[in-house]
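# Tertiary structure, described
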Amino acid sequence: MPQATFCHNEWTNAGHGLYGTFEMLSSWRKTREDQHVKERTAAVYADSMLSFSLTTAMYLVTFGIGASPFTNIEAARIFCCNSCIAIFFNYLYVLSFYGSSLVFTGYIENNYQHSLFCRKVPKPEVLQEKPAWYRFLLTARFSEDTADGEEANTYESHLLVCFLKRYYCDWITNTYVKPFVVLFYLIYISFALMGYLQVREGSDLSNIVATATRTIEFTTAQQKYFSNYSPVIGFYIYESIEYWNTSVQEDVLEYTKGFVRISWFESYLNYLRKLNASTGLPKKNFTDMLRNSFLKAPQFSHFSEDIIFSKKFNNEVDVVASRMFLVAKTMETNREELYDLLETLRRLSVTSKVKFIVFNPSFVFMDRYSSSLGAPLQNSCISALFLLFFSAFLVADSLINVWITLTVASVEFGVIGFMTLWKVELDCISMLCLIYGINHTIDNCAPLLSTFVLGKDFTRTKWVKNALETHGVAILQSYLCYIVGLIPLAAVPSNLTCTLFRCLFLIAFVTFFHCFAILPVILTFLPPSKKKRKEKKNPENREEIECVEMVDMDSTRVVDQITTV
């Protein structure tokens, strides 16, 4: 569990940091290489750091709530605490060191030095005289002989920029492509709903161990052949009670009623009945017959390990503790039935006259899984409400909040549905991934939605293309690196790591699908409208223009001075 938790921290930090660095790199490439470094740096920070700072704040708020005492799962609290620290230092790294690296690169470019070897790039005629390996290493895209009218910006020639601008933007907004995208989205919702209706809580012990172990073989055989019975439950009476009292005997039998019992107490009572002896014997006779007759019989001798005797100061022997074993006839795959059974026994142990406890090693994991939904869901709801309230004062248009909320709901709904279809159950790891998915969706979709909603004077299609051209390259680059780094997790022989890989992969894939397919199509025919309203001219606010012709003394130049009245 700790290994998967710390592994998840790496991908949380990578997902947020990759987009921030590629967004800054994309903004840097948009600037002209012949500009002063200060102007280029100012343009980069003005273009990218505001959105990156806001998304970082949202990450810190979400994981900060998860690291608070409201979370009752230690693994989730450790994960959220480590994520806060990692994202904070990642933000400082991007703000300081990565920005300084861009400044250093800018000065190297201004001095016509190679960005890798920091050597002066020779002029083309000098470079032709060098060996082929030298020309290959020190070839530059510009030189000192660049003409003033020549465009020094190489951003437009980037492969991904050309692909998005020349091909993809026109294709995704094509009238004949939109119906197929909408149909594909309806299929996506249908399969997500089918999986959502089959969501199950995970309480399988095999999910926390390596795949090729004896535990997996045991749980597989147990579920295949003996799944009609619950785990063996230990019923421990931890204080001295009046076992010889008939009312106490009735209480103990009532507590264990309905179970398949392996009980010394019930066997001993049946033993007394076979001997035509009363089960309500005096204390001394009851204890002596138990020790000297019942436990001496070969068929009952194995019960001697279930009873603890103790001698008092007057040499009187008493039963100070004992245990029994119970098995419920139930379906182990029915998690709710096991939870109800466990909670019923625990409530009974608190309210009953006989002080007892029930335990099985699998109860530890049932407790963990039963609490893996409540606290994370509560924290995620608090985080979502706080983020909506927090962003309402930061975004320039409330419609951005609406679109972000709808996008996050669509992504989370799809991830939960396809996660279930991929045989991933809701446990602590998957819930942490779903909480991370909220921030990941906002991180990637918010810039696209902000650029579209705040755009004026053009058509919806024009602003969809503009949003993709502005932010699509950074999103695409970050996703390519993220998926490449995520693939090795699939080879780790651990069910927890496999759950982590599947959840993170689905979050990345579904968010990518929304960024590059669903949102560009839906935004072309849904609000906000981009039509500019024609303002009616008020006849009382007319402007009178007076033109005065002025002639210079040499009668060679005429100047028109326009005065507004």
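All figures in this text were calculated on a predicted structure; none of them were measured in a lab.

Basis of the calculations
Residues numbered from 1 in each chain as written. Predicted model: local features only at pLDDT ≥ 70, side-chain atom pairs only at ≥ 80, totals over all residues. Heavy atoms only, no water. Core = buried A, V, L, I, M, F, W, Y, C linked by side-chain atoms within 4.5 Å. Buried < 20%, exposed > 50% of the residue type's maximum accessible area, 1.4 Å probe, protein only. Helix = DSSP H or I, 4+ residues; strand = E, 2+ residues; numbered from the N terminus. Contact = heavy atoms within 4.5 Å. Pairing = 2+ DSSP bridges. UniProt positions renumbered as here; feature names shortened; annotations may be inferred. Patch = residues over 30% accessible without salt bridge, like charges linked within 9 Å, V, L, I, M, F, W, Y side chains within 5 Å. Areas by Shrake-Rupley, 256 points an atom, 1.4 Å probe, with all protein chains shown as cover. Salt bridge = Lys/Arg side-chain N within 4 Å of Asp/Glu carboxyl O.

## A look at the nonpolar core
Core analysis: the largest hydrophobic core is formed by 85 residues, its most contacted members being Phe63, Leu468 and Phe516. Considering every element that reaches this core, the biggest residue donor is helix H17 (residues 495-522), with 17 residues. In contact with Phe516, other than residues within four places in its own chain, are Leu164, Tyr168, Ile172, Leu468, Gly472, Ile475 and Leu476. Counting 35 residues, the second largest nonpolar core, distinct from the first, contains Phe235, Val252, Leu281 and Phe356.

## Overview of the pairing of strand E4 (residues 317-327)
One ladder, built from five bridges, connects strand E1 (residues 233-237) with E4; its direction is antiparallel. Of the residues in E4, the one forming a bridge with Ile237 is Ser322. As defined by bridge partners, strand E2 (residues 260-262) adjoins E4 across three bridges and the pair is classed as antiparallel. Of the residues in E4, the one forming a bridge with Arg261 is Leu326. Bridge count for strand E3 (residues 307-311) against E4 is five bridges, and the pairing is antiparallel. Residue Ile307 lies in a different strand from E4, and its bridge partner there is Ser322.

## Notes on the UniProt feature "transmembrane region" (unreviewed entry) in the chain
UniProt tags residues 49-67, 79-98, 176-197, 376-396, 402-422, 472-492 and 504-526 as "transmembrane region" (unreviewed entry). The span residues 79-98 shows a helical share of 100% and a strand share of 0%, and its end C-alpha atoms are spaced 26 Å apart. For residues 176-197, the helix share is 86%, the strand share is 0%, and the end-to-end C-alpha distance is 33 Å.

## Observations concerning a nonpolar patch on the surface
Where nonpolar side chains cluster on the molecular surface, the patch consists of Val182, Leu183, Phe184, Leu186, Ile187, Phe191, Met194, Leu421, Phe525 and Leu526 and spans about 850 Å² of accessible area. On the secondary structure map, Phe184 appears in helix H7 (residues 178-196). The exposure class of Phe184 is partly exposed, given its relative accessible area of 49%.

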